[in-house]
Amino acid sequence: MRTAVLLGLVLLFAAGCGEKSDPAETGKDGWRIPAGVYGNVVPDAENGGLRGMEVVLDRGDESARADFARCEGRCEAGAKRPLRRGLNGVSFAIEHEGRTIDILVGPAGPGAVEVSADWGRGLESHRLPKIVREAGLAAARQAAEDAVAPDAPAPPMPVVPSSPPPLPSPTP
């Protein structure tokens, strides 16, 4: 009898140590965000620009900083922002239209992240799949380079004669 009770207690404690706990509750090793570029930037037929978001985590959730771009017609990118680690993901802050916006990035299954932020219209969440290369960040960098690059030299003007054209000859 005593052996059966002892065996029952051992099984009860062993059942509580299984893999059924919520990964977010298990701390640092409970969830992972793999390194990569995550985004949903697509061409916007209405304005001819791009729309969507993009985040780059060069070392996944272990990254020290994140690159982020938000596209609404044109793409805006901030400098690399320092990451903060939280219970269910990482976060960083950017300046947008005079406000500080906290952007939360959490795992959203294999090969995707979920980005949540309040852009002034309430909390929005978007699932960003892992992509091969940057689109929004590349467009934002190109726009920034175009804005600070000196204007290209104008093409040479055609030579305009400085004297009047010759008069027709009086002899036929």
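Rules behind the numbers
- Residue positions are counted from 1 within each chain, in the order its sequence is given.
- The predicted origin of the model limits local features to residues at a pLDDT of at least 70 and limits the giving and counting of side-chain atom pairs to 80 or more, whereas totals for whole chains, interfaces and linings rest on all residues.
- Side-chain measures were taken over the full set of non-hydrogen atoms in the model, leaving aside hydrogen atoms and water.
- We define a salt bridge as a contact between a side-chain nitrogen of Lys or Arg and a carboxyl oxygen of Asp or Glu at a distance within 4 Å.
- The secondary structure listing takes helices from DSSP runs of H or I that are at least 4 residues long and strands from runs of E that are at least 2 residues long, numbered from the N terminus.
- The classification of residues rests on relative accessible area computed with a 1.4 Å probe and restricted to protein chains. Under 20% of the type maximum is buried, over 50% is exposed, and intermediate values are partly exposed.
- Two residues form a contact once any of their heavy atoms are found within 4.5 Å.

Let us now look at the pattern of salt bridges. Inspection of the entire model under this criterion finds 11 salt bridges. Where Glu62 meets Arg32, a salt bridge forms, and the shortest distance between an N and an O atom there is 3.7 Å. Of the two residues, Glu62 sits in the loop between β3 (50–57) and β4 (65–77) while Arg32 sits in the loop between α1 (2–16) and β1 (36–39), which places them 30 residues apart along the sequence. Note that Glu72 is salt-bridged to Arg70, the shortest N-O span being 2.8 Å. For Glu72, a relative accessible area of 52% gives the class exposed. Within the structure, one salt-bridge network assembled from shared partners comprises Arg32, Asp61, Glu62 and Arg85.

Attention now moves to the environment of Leu123. Mapped onto the fold, Leu123 is located in strand β10 (residues 123–131). Overall, Leu123 belongs to the exposed group, its relative accessible area being 64%. Once residues lying within four places of it in the same chain are set aside, the contact partners of Leu123 are Ser116, Ala117 and Asp118.

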